[in-house]
Amino acid sequence: MAINHPSFGKLADNRIIMFDTTLRDGEQSPGFSMNLQEKLRMAEALAELGIDVMEAGFPIASPGDFESVLSIAQRFAKDGPVVCGLSRTAPADILRAAEAVKPAARKRIHTFVSTSPLHMRVKLRLEPEQVLELVTSSVGLARQHTDDVEWSAEDGTRTDADFLCRCVEAAIKAGATTINIPDTVGYALPEDMTRIFTMVRERVPGADQVVLSAHNHNDLGLAVANTLAAIRAGVRQIEATINGIGERAGNASIEEVVMALRTRADAIPVANGIVTQNILKTSRLLATITGFDVQPNKAIVGRNAFAHESGIHQDGVLKDKSTYEIMTPESVGWSTSSLVMGKHSGRAAFRDKLKAMGYEIGDNQLNDAFRRFKDLADRKKVVYDEDIVALVDDEVVRQNDRLKLVALTVATGMNTRPTASIALEVDGERREGVAAGDGAVDATFNALRQAFPHEVNLKLYAVQSVTGGTDAQARVTVRLEEAGKLVDGQGADTDTIVASARAYVHALNKLLVKRERTEPPAVLRA
Ligand code: MN
């Protein structure tokens, strides 16, 4: 029987609603905070990827969270994905979420409460009957603000079966149109998904008239497997994140779920609206924004995901790709690196190239990006797509940063103590620093601390190359720690020292954002 959904109308039985929570659960990853501009940029990319519902944040958590959900809702005021705000059960929470998502053409309030015996006793200090009342009151209040209401049983997979069914029934009666049963702590096995969702469908009156949803965490590395099992048990919405980011070990990774469904449509014949060719681009954008690369062997989007090393495999692939490739790299947006642009390419060609790669940027940003492109083309024989992506993401994403790297000169060599002089723009004001150090990178970072005094611990410094060759751009990751808070910054340049300075400045910018924000207390985290 087809479900009539307030946001999607008549839903075909085999249609899976893709619910992305990169901007909410994903952003709760330690060190992953994004500023407003970064969230908007990511929201655009997620919409282009074809997700159905975007959980844009947790409006009550902080003024910054509220503002970003509101801005995303305004961005999708005419069309676009359903914009969703998270809330607990308190009326103030729900009203704040309602206010934030209000401008969106299609909006959802997602309210949750813990239902497991442990969470109810220790965290909520409530009796089960009181929790049941909260389910009814919170869903009822949310429904007064939108017809599209999702209810979640936090720690659902460790909840008593009978009580879970009673809660789901109460939520449906109060007007919830999506019922999510999250594996909040990443404890479930695939057979638990089958058991729980089959039980809910068989026992709860009205369960066939709502969308059932799974939200799986990856603490045991089972998030994707559990998500697929949930779909086979009748779940029609899956909650996931780009690159699998999220609390602790993260959430199910959207790209892995989507490509498993596509590659194994023979076993799991369902449909979704994801434009798979945009997967890699979206993954890279998130990595640039957050400063966290995926590991090289990450399925689908890791740089080794389609690389064949052993002679036997290479031989097979050369004869017929399907010998060792179950999906094509092109289907998720990988293209064989091709010479795209050189030092003689003009501004119009550069703009066309960006457009073809999915970037629409304003004139000012284009000018800055083009200047850096010419600079790069002067120093580097061939400019690949990957180089342009690194450069433009750098330029576009960092537009609103308070700190900017303006100039850097380093003198170094054997038998000499390296010195660096640096110029920064801090809130529009120029500041300079000169310092020596043990090596060029150390001297550069010391000069940075002179120009912009701060005390943080450098926890990680890593260099990777964007493409091959000694003239390749270096991508540097710098991790800083201040009062237990971690931030990662990234920077790219053909000069490793310049890339290092960019990465450090990027990390400092993230730290400034972090200082301004109040972190949601642990109890807020779903
Ligand atoms: Mn979660």
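Residues numbered from 1 in each chain as written. Predicted model: local features only at pLDDT ≥ 70, side-chain atom pairs only at ≥ 80, totals over all residues. Heavy atoms only, no water.

Enquirer: Quick question: what am I supposed to make of the pairing of strand β9 (residues 211-216) here?
Expert: Both faces of the sheet carry side chains from a regular strand, because those side chains alternate between them. Burial analysis of β9 places six of its six residues in the buried class, the great majority of the element. On β9, burial covers both faces: V211, S213 and H215 on one face and L212, A214 and N216 on the other are all buried. The pairing of strand β8 (residues 178-183) with β9 spans six bridges and is parallel. In the strand pairing of β9, I179 is matched with L212. (Buried < 20%, exposed > 50% of the residue type's maximum accessible area, 1.4 Å probe, protein only. Helix = DSSP H or I, 4+ residues; strand = E, 2+ residues; numbered from the N terminus. Pairing = 2+ DSSP bridges.)

Enquirer: Looking at this structure, how should I read the sheet that holds strand β11 (residues 403-411)?
Expert: In sheet architecture, strand pairing relies on hydrogen bonds along the backbone and comes in two forms, parallel and antiparallel. The antiparallel open sheet is built from three strands, whose spatial order is β11-β12-β13. Every interior strand has two partners, whereas the edge strands, β11 and β13 (429-436), have only one. Within this sheet the neighbouring strands show an average axis-to-axis angle of 15°, counted without direction. Direction of pairing for strand β12 (residues 419-426) relative to β13: antiparallel, over a ladder of eight bridges. By the bridge assignment, V426 is partnered in β13 with E429. (Axes fitted to C-alpha atoms, helices over the stretch in contact; angles between N-to-C directions.)

Enquirer: Just to check I follow, could you spell out the nonpolar core for this structure?
Expert: Soluble globular proteins: nonpolar side chains tend toward being buried together. W151, V168, I179 and F197 are the most contacted members of the largest nonpolar core, which has 93 residues in total. Ignoring sequence-local partners within four residues, the contact set of F197 consists of I181, L212, S213, A214, A230, A233 and V235. In terms of nonpolar packing, the next biggest core, distinct from the first, is built from 26 residues, F445, A451, L480 and L508 among them. (Core = buried A, V, L, I, M, F, W, Y, C linked by side-chain atoms within 4.5 Å. Contact = heavy atoms within 4.5 Å.)

Enquirer: Any chance you could explain the environment of A348 here in plain terms?
Expert: One can find A348 in helix α12 (residues 347-356). Sequence separation of A348 and V332 is 16 residues, and the distance between their C-alpha atoms is 28 Å.

Enquirer: How should I be thinking about the sheet that holds strand β5 (residues 82-87) in this particular structure?
Expert: Read around the closed barrel, eight strands run β3-β4-β5-β6-β7-β8-β9-β10, paired in parallel fashion. Mean inter-strand twist for the sheet, computed between neighbouring axes without regard to direction, equals 25°. This element, helix α2 (residues 63-75), spans β4 (53-57) and β5 of the sheet and lies at about 145° to β4.

Enquirer: I'm lost on the packing of α12 against helix α13 (residues 363-379) in this one. Help?
Expert: Helices that pack against each other are described as a pair by the angle of their axes relative to one another and the distance between those axes. As a packed pair, α12 and α13 sit with axes 11 Å apart at the nearest point and diverge in direction by 105°. Considering their axes alone, α12 and α13 lie roughly perpendicular with respect to each other. On α13, the residues touching R347, F350, R351 and L354 of α12 are D363, L366, N367, A369, F370 and F373. Its residues assigned to classes, the contact of α12 with α13 shows six nonpolar, one polar and three charged. (Parallel < 35°, antiparallel > 145°, perpendicular 65-115°, else oblique. Nonpolar A, V, L, I, M, F, W, Y, C, P; charged D, E, K, R; others polar.)

Enquirer: What am I meant to see in the pattern of salt bridges here?
Expert: Per the stated rule, a full pass over the model turns up 29 salt bridges. Its salt-bridge partner being K281, residue E48 comes within 3.7 Å of it at the nearest N-O pair. In this pair, E48 sits in helix α1 (residues 36-49) while K281 sits in helix α10 (residues 279-290), placing the two residues 233 residues apart along the sequence. Accessibility expressed as a relative area gives 39% for E48, which makes it partly exposed. Among the residues examined, K281 registers a relative accessible area of 27% and is labelled partly exposed. Of the charged contacts in the structure, one is a salt bridge between D427 and R402, with a shortest N-O distance of 2.9 Å. Residue D427 is located in the loop between β12 and β13, and its partner R402 is located in the loop between α14 (385-397) and β11; the two are separated by 25 residues in the primary sequence. The exposure class assigned to D427 is partly exposed, which follows from its relative accessible area of 49%. Within the structure, one salt-bridge network assembled from shared partners comprises R24, D25 and E55. (Salt bridge = Lys/Arg side-chain N within 4 Å of Asp/Glu carboxyl O.)

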